[in-house]
Amino acid sequence: IRIFSSNTGGVLEGYEIILEGDYTNVDIPFFEGMKSVENPVLTTIGKNLFNIYNHEGFTNGNTIGGITVTTNANGEAIFNGTAQNNVYFIADEIAEPVLERGKTYVVSDCACQVWLKDGTRTWANTITFDDTIKSIQPYIEILAGETVTNMVKHIQIEQGTQATPYEPHKSNILSVNEEVEL
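Residues numbered from 1 in each chain as written. Predicted model: local features only at pLDDT ≥ 70, side-chain atom pairs only at ≥ 80, totals over all residues. Heavy atoms only, no water.

Draft legend 1. Quick look at the pairing of strand β5 (residues 67-71). Residues Ile67, Val69 and Thr71 point to one face of β5 and are all buried, whereas Thr68 and Thr70, pointing to the other face, are not buried. Hairpin connection from strand β4 (residues 63-64) to β5: 2 residues lie between these consecutive antiparallel strands, with Gly65 at a positive phi of about 50°. The turn linking β5 back onto strand β6 (residues 77-82) is made up of 5 residues, and Gly75 within it adopts a positive phi angle of 80°. (Buried < 20%, exposed > 50% of the residue type's maximum accessible area, 1.4 Å probe, protein only. Helix = DSSP H or I, 4+ residues; strand = E, 2+ residues; numbered from the N terminus. Pairing = 2+ DSSP bridges.)

Below, the structure written as structure tokens:
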């Protein structure tokens, strides 16, 4: 039996297929590959929308002004050292698609800058992500001269108006809204 490849236009040699019965003039079905899926959906599972590993300011081993941050598998940020000046560990700006317009979010165990679309900023830990807001930016501040030893922070962004107990960020899941035939 010869198998023709639609990808290369050539003949694949060396494959063996055992068929029983009479298959004269019968189209023999075979796996042709996966079909593409339209409109896949990426859904965040878990309440904590802050993934500490996606933010350069919280890179494991990062030292700023005498303070070193380490992160662990539980998503905790642990700070050690003496601040030579006011030290800021700042997350990257967070906006859509992590945050959804019209929803209210609470940021806990840190301070949070709110960047407005007009270029100004304010500070708040409960934010309704409306059309005036460009992004939010959680951060940790340690004042000049302050010494910290194993200071643990559980940064969390969650939907709602009240902070709840810390839960590490959980991975995303890719799903589809249609039946997929392989």
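Draft legend 2. Fine view of the pattern of salt bridges. Scanning the model with the defined rule gives 4 salt bridges in all. A salt bridge links Glu96 to Arg101; the nearest nitrogen and oxygen atoms lie 3.4 Å apart. The partner of Lys153 in a salt bridge is Asp109, and the shortest N-O contact between them spans 3.5 Å. Taken together, the residues span a long stretch of sequence, with Lys153 in strand β13 (residues 147-153) and Asp109 in the loop between β8 (104-108) and β9 (111-116) at a distance of 44 residues. (Salt bridge = Lys/Arg side-chain N within 4 Å of Asp/Glu carboxyl O.)

Draft legend 3. Representation of the environment of Glu93. Within the element layout of this structure, Glu93 appears in the loop between β7 (87-90) and β8. Glu93 sits 44 residues away from Gln137 along the chain, and the two C-alpha atoms are 4.8 Å apart. Sequence-distant contacts of Glu93, that is, excluding residues within four places in its chain, are made with Trp115, Lys134, Ser135, Ile136 and Gln137. Of the polar contacts made by the side chain of Glu93, one reaches the side chain of Lys134; its length is 3.0 Å. At 2.4 Å, the side chain of Glu93 forms a polar contact with the side chain of Ser135. (Contact = heavy atoms within 4.5 Å. Polar contact = N/O pair within 3.5 Å; in protein donor to acceptor, adjacent residues only side chain to side chain.)

Draft legend 4. Representation of the nonpolar core within the structure. The biggest cluster of nonpolar side chains holds 28 residues, and the ones touching the most others in it are Phe58, Phe79, Ile136 and Ile157. Listing elements by their share of this core, those giving two or more residues are β5, β6, β7, β8, β9 and β12 (133-142). For this core, the element with the highest residue contribution is β12, accounting for 4 residues. With residues near it in sequence (within four places) discarded, Ile157 still touches Lys47, Asn48, Leu49, Phe50, Ile94, Leu99, Tyr105, Val106, Val107, Ile136 and Pro138. (Core = buried A, V, L, I, M, F, W, Y, C linked by side-chain atoms within 4.5 Å.)

Draft legend 5. How the structure looks around the sheet that holds strand β11 (residues 126-128). The strand order across the open sheet built from 3 strands is β11-β8-β14, with neighbouring strands paired in antiparallel fashion. The open sheet has two edge strands, β11 and β14 (156-159), and neither has a second partner. Ignoring strand direction, the axes of neighbouring strands in this sheet form an average angle of 25°. With 4 bridges connecting them, β8 and β14 associate as antiparallel partners. By the bridge assignment, Ser108 is partnered in β14 with Gln156. (Axes fitted to C-alpha atoms, helices over the stretch in contact; angles between N-to-C directions.)

Draft legend 6. The arrangement of unusual backbone geometry in detail. Omega for the peptide link from Glu96 to Pro97 comes to 5°, which places this bond in the cis form. For Pro97, the location among the structural elements is in the loop between β7 and β8.

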